[in-house]
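Structural features, examined
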Amino acid sequence: MSKKVLVVDDEKLIVKGIRFSLEQDDMDVDCAYDGEEALELAKANKYDIILLDLMLPKMDGLEVCQQIREFSDVPIVMLTAKGEDMDKILGLEYGADDYITKPFNILEVKARIKAIMRRAHLEAKTQEKAKTVQVGELKMDCESRRVFIGDKEINLTAKEFDVLELLVFNPNKVYSRENLLNIVWGYEYPGDVRTVDVHIRRLREKIESNPSEPKYVHTKWGVGYYFQA
């Protein structure tokens with residue numbers, strides 16, 4: 001299936017050149033020449049990537065980027081003149097994925113587009129796979145929030161599931177009790193670290209065949225807890 005690209009620039013010759021080159025690679029290209037038109041097209045279509053000029057009529061590229069981020073995580077590459085503040089453009093406040101400075105070589109643009117789309121595709125596949133995780137007899141279905149040991153479903157509380165999910169997705173990473181408390185319960189939680197110990201103990205009683213010799217959730221003495229993959 002051909003990839004769908006939106007090219008946004010008020011310089012029509014640049015748009016025409018990029019469009020021609022991308023179409024040579026069997027990409028489906030839409031074009032916009034101002035910020036408002038770009039935003040309308042981004043809302044109406046599903047793109048694989050957006051090339052977005054920084055300086056645009058009606059609404060500048062940064063504002064367009066910010067507004068697109070409110071409804072889409074499509075990869076966005078900013079097209080900028082040399083000397084712009086790239087750190088600011090790529091900062092969290094705007095949400096761009098990359099930038100290319102003008103004047104650019106179209107081959108560089110194509111290489112960058114392909115690299116970003118490849119990365120986005122791999123991330124999507126990883127997320128898809130990650131909906132269900134299996135380690136030994138332990139199986140987690142993250143969409144339905146169900147856990148099985150072999151064929152037997154294990155009933156976990158919401159917080160027990162959250163703790164297990166965090167540990168499973170970060171195998172062999174040791175989390176201190178304070179860390180787990182902050183991540184799973186939140187910084188505002190008034191309880192103390194013993195809450196974590198209680199949940200780990202209950203979790204082991206439910207998922208381990210011998211809780212005193214765990215296969216899955218281990219203790220690193222004096223440090224914290226980790227999941228052994």
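Below: a short report on this structure. (Residues numbered from 1 in each chain as written. Predicted model: local features only at pLDDT ≥ 70, side-chain atom pairs only at ≥ 80, totals over all residues. Heavy atoms only, no water.)

Ranked by size, the top nonpolar core spans 28 residues in total, and within it Leu-138, Val-147, Leu-164, Leu-167, Ile-207, Val-217 and Phe-227 carry the most contacts. Within the residue set of this core, elements represented by two or more residues are strand E6 (132-135), strand E7 (138-141), strand E8 (146-149), helix H6 (158-168), helix H7 (177-185), helix H8 (194-207) and strand E11 (224-227). When residues in this core are grouped by element, the largest group, six residues, is from H6. If near-sequence neighbours (up to four positions away) are discounted, Ile-207 is found in contact with Ile-149, Ile-154, Leu-164, Tyr-216 and Val-217. (Core = buried A, V, L, I, M, F, W, Y, C linked by side-chain atoms within 4.5 Å. Buried < 20%, exposed > 50% of the residue type's maximum accessible area, 1.4 Å probe, protein only. Helix = DSSP H or I, 4+ residues; strand = E, 2+ residues; numbered from the N terminus. Contact = heavy atoms within 4.5 Å.)

Structurally, the position occupied by Ala-42 is in helix H2 (residues 35-44). Distance from Ala-42 to Phe-71, taken between C-alpha atoms, is 9.4 Å for residues 29 residues apart in sequence.

Within this structure, the stated rule accounts for 15 salt bridges. Ionic pairing is found between Arg-112 and Glu-108, a salt bridge with its closest N-O pair at 2.4 Å. Of this pair, Arg-112 and Glu-108 are both found in helix H5 (residues 106-129), four residues apart, which corresponds to roughly one turn of the helix. We classify Arg-112 as partly exposed; its relative accessible area is 23%. What makes Glu-108 partly exposed here is its relative accessible area of 34%. Through salt bridges with shared partners, a single ionic network connects Asp-9, Glu-11, Asp-53 and Lys-102. (Salt bridge = Lys/Arg side-chain N within 4 Å of Asp/Glu carboxyl O.)

Read from one edge of the open sheet, five strands run E2-E1-E3-E4-E5, paired in parallel fashion. Two strands bound the open sheet, and with one partner strand each, they are strand E2 (28-32) and strand E5 (98-102). Averaged over all neighbouring strand pairs, the angle between strand axes comes to 20°, with direction disregarded. In this sheet, E2 lies alongside strand E1 (residues 4-8) in parallel orientation, the contact comprising five bridges. Bridge pairing in E2 links Val-8 to Ala-32. Along the sheet face, H2 touches E1, E2 and strand E3 (49-53) and points at about 145° away from the line of E2. Across the face of the sheet, helix H3 (residues 61-69) comes into contact with E3 and strand E4 (76-81) while running at roughly 170° to E4. (Pairing = 2+ DSSP bridges. Axes fitted to C-alpha atoms, helices over the stretch in contact; angles between N-to-C directions.)

Following both chains from N to C, one finds H6 and H8 inclined at 85°, their axes separated by 10 Å at the closest point. When the interaxial angle is binned, H6 and H8 end up roughly perpendicular. Only His-199, Ile-200, Arg-202, Leu-203, Lys-206 and Ile-207 of H8 make contact with H6, whose side of the interface consists of Lys-159, Glu-160, Val-163, Leu-164 and Leu-167. Broken down by class, the residue content of the contact of H6 with H8 amounts to six nonpolar, one polar and four charged. (Parallel < 35°, antiparallel > 145°, perpendicular 65-115°, else oblique. Nonpolar A, V, L, I, M, F, W, Y, C, P; charged D, E, K, R; others polar.)

So, on to the side chain of His-218. Assignment of secondary structure puts His-218 in strand E10 (residues 217-220). Separated by 3.1 Å, the side chain of His-218 and the backbone oxygen of Lys-215 make a polar contact. There is a polar contact of 3.4 Å between the side chain of His-218 and the side chain of Gln-228. (Polar contact = N/O pair within 3.5 Å; in protein donor to acceptor, adjacent residues only side chain to side chain.)

Among the residues making up H3, those that are buried are Gly-61, Leu-62, Val-64, Cys-65 and Ile-68. For H3, the arc enclosing every buried residue in end-on projection is 160°, short of the 170-degree limit, so these residues lie on one face. Of the residues that open H3, the one with a side-chain oxygen 3.0 Å from the backbone nitrogen of Leu-62 is Asp-60. (Arc of directions from axis to C-beta.)

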